[in-house]
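# Overview (structure and organization)
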Amino acid sequence: MSSPPVSERFAPHLAQICFHSASSLASHFSSSPHSMLSYFESLMSSVEQRNPAVNALTSVQKEATLERVQRLASRGPQEGETLFGVPIILKENIQKVGFPVQCASRILEGYRGQFDATAVERLERAGAVLYATANMDEFAMGSSNENSVHGPVRNPYDLSRVSGGSSGGSAVACALGFAPVTLGSDTGGSVRQPASYCGVYGFKPSYGRVSRYGLVAYGSSLDQISPYARTAADLDIVLQVMAGEDPRDATTLREPYVSHWGRLRLDGVRVGIPRGLVSHARESGKLHPSVARALDKMEAELRAAGAKVIDVEISGIDVALPAYYLIACAEASSNLSRFDGIRFGRRAHEKNLDLAALYARSRAEGFGDEVKRRIMLGTFALSEGYAEAYYGRAQAAREALASGFKEAFQTVDVLLTPTAPTPAFELGRVEDDPTRVYFNDIFTIPANLARLCAVSVPAPLALTEFLPVGLQFCAPQGKDAWLVDLVRCLEEHSLCEMRCPPDACTVPALPNPLSAGGLV
Amino acid sequence: MNGFTNSRAVETTHAGVLKALMFYDVVIGLEVHCQLATRSKIFSASANSFGDEPNTNLDPTCVGLPGALPVLNDACVDLALRMGLATQCEIPHRSSFERKNYFYPDLPKGYQITQLHHPICRNGSITLSNGKSVRIDRIQLEEDAGKNVHTGNHSLCDYNRSGVGLIEIVSHPDLETPEDAADYLRKLHALAVHLGVSEGDMERGHFRADANVSLKPKGSSVLGQRTETKNVNSFRFLERAIVREIERQFQVLQSGGRVVMETRGYDPEADEGFSQRSKEEAHDYRYFPEPDLPPLFVTPERVERVRASMPELPDQRHKRYVSACGLSEKDAHWLAHTRAPAAWFDAVIARLPKGMEPRMVVSFLQSDVLRVQREAAERRGVAVEDLTEMVVSAEAALGLLAFVGDGTISLRMAKDVLDEMFTSGRAAADIVREKGLVQVSDEHTIAEVVLRVLDTHSKSVVEYFAGKEKMIAFFVGQTMKLGGGKLNPAKVNAVLLAELEKRRP
């Protein structure tokens, strides 16, 4: 489709209050369950109208959804169903029985979920309605959501730009109001970076906070299912539902997620800025001016609100990028071995192939270039004679980085950086050197390596800017609830700005005016 | 040398091996895979059961569905610890898992979860029948693969076995003959079965060995090139496979050739090894730490709990039977390596009636209790080994042996009472009382019977004095018979000898 001129696309929809939050929907449907059905019908038709322009969704599960909605409506809400009737969208690498789990790959053509992910199970137990699957970079590998068998996802603020990746579809779906909460997965920034590009919250929980059972693995020691939302309160609710120890995932944290809601004040919070990292990006010209401005402004506003902003150095952060790509690719090369054309997914059609050729053909035909690149890189990093020099040193660098963070968190409560060096870039930007693309993840990767929690929040923009810019706050492993409360503080001080992109979903108004805080 | 410190002679009966041993030292190490007898698989909850319809004991984890994760089965850990304790292993506080990556249709994830750098048990040893000690390098936990079934021009995969728990027991290259290798495997097998670690069914592949074999010039300290013969699942085949491999390597070396690193198989029907994969085709397994499983910490308390739950080992039992019970080496060895009889024996001697000795109990067990056991098995149409319980309970036997101990009845009489107990199902006391079975120890009464016997068999008495001393047994038999089996045999013997002396010409 041809895009209208920028000025028209960026009509200030801010006046138009267009979205409901998860908490407002849940409380509304809890008191009038029978409004659910018509709500979902018009939501889905609105979504189907708007999706083609952005290509955020890969399926809308109409029948199953209406069936579930009807069932929920007729039985009404039950004790503890904090997400009663709330629509939620899954990245298509999270398992739900019957839903496509194609991971945007040719090799998983036609593959559907065989069991429910723990996160899915818990959301449904809280009354949520999972109704659609979202586009992504193939097997969650990419920062632009252009590596997808379904085609690229477009940025709702400028259709000629990328959504970010790999969880681009979920980010766009959240930004456009397809659902108040959507799920992505974050291995090196795959939720935070698209959140930054699309102007929504993207929260990567601490490693082990949310069960990975049912998430198709990319880098197992880095992956976390991570929510997008448009209010801090929704982040809090959805994490309360999803987080917690899972007997099916041995890497989950023992300590439960206990809401910290309303207990934090910005006054006195110690905010660290890894100045070396930021300055390096700035001085080498890799930091976009609007990102730099947003960061400076945040710094000033935080100071004004009473926070202590301190410069910190995090030892080991300079080698985070190569360490990340070695570890993630090594794990991916092993995790993706099961896609061999034998038991599920796509098999090479040629007849009379011997076993080795069958593997080779099926994988050569089934995987895209970026996935192949990472499998090969990972295979090399683990191969005999090189494993110590590459994988071994990467692990050592990872542990050094983790202790670097530990040290930094002795003097600060939270770290502030940009989420990504630039706002959303143009689709199809040719980059001969993939390592330049990898640089995009410089700010997000450390949190995965060190198992920390981190959130990208949309910064308030100057009037001349129309592309969202995200800033990242990063806290120690396990302090997720505290970090959500920090986002609430930022909201309170208007330090983040949730906007409404052009052509967002005009969801049906709810019959009853909702209580304060219900609408964004 | 290879660190093997035994000084006993290297003994083998295989001609080909003997010939090789004239020029070379044989170096053998075994890797034994032992399937763990747990109800569910090692990383998921589906059943570990053999012989079911293909692909019925499955779950997302054991078939490697995308998104599924492994969770370690604690029961597998405890069984591995048992085996480790039984082989004097060290139990490190921390062990961890690795992924071993390779492609094969029976391996659904494309990697096997195993242990490499930090196995659950280390540095153990086991003593062979000939007294040699073999060092165990490690015991590691891992998962089994599925099975490919080849039919005509296509292949099918059965994943029932996929994810079943295994321990791999890796020896040092301390074995020097095919016989020792087979004996080592037998010892491990007996331990695993005795401890309930494995069902040990060789035909079902519960126990399989890979043999690493190499030859080095006699006395040389440099190991020769080894080959690995994979997946041998019988004691005898293992011995044969190693014999054939030694012969082959000997021939290669004698004709000036070089042994090449390769993976081999053994065909029992042809009694012949064959090459499967050479070094050039060898896998690079790309080991790396399994990110889905945190390290396994085994606390000293857990080790002690496992130790306390372990049945006594045959060797310990053997020692106890000799030193504390005074059994002969032969009886002790036999009994220590049984299951039900040993348990029966232990229950009986725990409450040993006055006047009884453990030696007498073993003799009663071997001659009478096991006879009843065999008869019962025959009647039920099963093999005697299939009876897991003793037909004569320790409780019932104690009731009977109490009468032997206090001299009421003789062991000879006990045999008849036992038969009666077995056919009627009544208690010993009832039978003894009812039949008036009371042993006669009164010397006068015995003497009367003895005199009658000697009078009736005067010709035999003459033969006795003519030097035919074994006639004494005949007189004892006749006296016992005439006495209705009630006479005290020891007394009979004494009275008989005294009376005979009186008649010495």
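Provided above is the structure to which this section pertains.
Presented here is an overview of the structure given in this document. (Residues numbered from 1 in each chain as written. Chains lettered and ligands numbered in written order. Predicted model: local features only at pLDDT ≥ 70, side-chain atom pairs only at ≥ 80, totals over all residues. Heavy atoms only, no water.)

### Quick notes on the packing of aromatic side chains
Quick note on the threshold: Working definition: a ring pair exists when centres of Phe, Tyr or Trp rings (six-membered ring for Trp) sit within 6.5 Å. Plane angles under 30 degrees give stacked, over 60 give edge-to-face, the rest tilted. A helix here means a DSSP run of H or I that spans at least four residues, while a strand means a run of E at least two residues long, and both kinds are numbered starting from the N terminus. Residue exposure (1.4 Å probe, protein chains only): buried if accessible area is under 20% of the type maximum, exposed if over 50%, otherwise partly exposed. Both a distance and an angle decide whether a charge sits over a ring: NZ of Lys or CZ of Arg must be within 6 Å of the ring centre and within 35 degrees of the ring normal.
Tallying each qualifying case throughout the model produces 26 aromatic pairs over all chains. Ring centres of A:Tyr391 and B:Phe288 lie 5.7 Å apart, and the angle between their planes is 75 degrees; this geometry places the pair in the edge-to-face category. Note that A:Tyr391 is positioned in helix α14 (residues 388–411) and B:Phe288 in strand β14 (residues 288–289), a pairing that runs across two chains. With relative accessibility at 1%, the residue B:Phe288 sits in the buried group. The rings of A:Tyr111, A:Phe139, A:Phe339, A:Phe344 and A:Phe367 are connected pair by pair, giving a single aromatic cluster. Positioned above the aromatic ring of A:Phe425 is the side chain of A:Arg429, whose terminal nitrogen or guanidinium carbon lies 3.9 Å from the ring centre. Positioned over the ring face of A:Trp261 is A:Arg488, at 5.8 Å from the centre of the ring.

### Concerning the nonpolar core
Our working rule: What makes a nonpolar core is a set of buried Ala, Val, Leu, Ile, Met, Phe, Trp, Tyr and Cys residues whose side-chain atoms join them at distances within 4.5 Å. Contact criterion: two residues are considered in contact whenever any of their non-hydrogen atoms come within 4.5 Å of each other.
With 184 residues, the main nonpolar core has A:Leu83, A:Leu123, A:Tyr131, A:Phe139, A:Leu302, A:Phe473 and A:Leu483 as its most contacted residues. Broken down by element, this core gets its largest block of residues, 11 residues, from helix α11 (residues 320–335) of chain A. Apart from residues no more than four positions distant in its own chain, A:Phe473 is found in contact with A:Met298, A:Leu302, A:Val414, A:Leu415, A:Leu416, A:Cys453, A:Ala454, A:Val455, A:Val457, A:Leu483, A:Leu486 and A:Leu490. Grouped together as the second largest cluster of nonpolar side chains are 65 residues, B:Val17, B:Phe97, B:Leu185 and B:Phe235 included.

### Brief notes about the sheet that holds strand β3 (residues 98–101) of chain B
Consider a sheet: its strands pair through backbone hydrogen bonds, and that pairing is either parallel or antiparallel. Convention followed: Two strands form a pair only when DSSP identifies at least two bridges running between them. To obtain an axis, a line is fitted to C-alpha atoms, over the contacting stretch when the element is a helix, and the angle between two such axes runs from 0 to 180 degrees between their N-to-C directions.
Taking strand neighbours across the sheet as the criterion, the 3 strands line up as β4-β3-β14 (chain B) in an open arrangement whose pairing is antiparallel. Since the sheet does not close on itself, it has two edges, and those belong to β4 (111–114) and β14 of chain B, each with one partner. Here 2 bridges tie β3(B) to β14(B), and the two strands are oriented antiparallel to one another. In the strand pairing of β14(B), B:Glu98 is matched with B:Pro289. Contacting β3, β4 and β14 of chain B, α11(A) runs over the sheet at an angle of about 60 degrees to β3(B).

### Side note on the pairing of strand β13 (residues 470–475) of chain A
All names here are of chain A. In terms of residue burial, β13 counts as a mostly covered element, since 6 of its 6 residues are buried. Neither face of β13 is open: one carries Gly470, Gln472 and Cys474, the other Leu471, Phe473 and Ala475, and all of them are buried. Looking at chain direction, strand β11 (residues 414–418) and β13 are connected through 4 bridges and run antiparallel. By the bridge assignment, Leu416 is partnered in β13 with Phe473. Across 6 bridges, strand β12 (residues 453–458) lies against β13 in antiparallel orientation. Following the sheet pairing, Cys453 is matched in β13 by Ala475.

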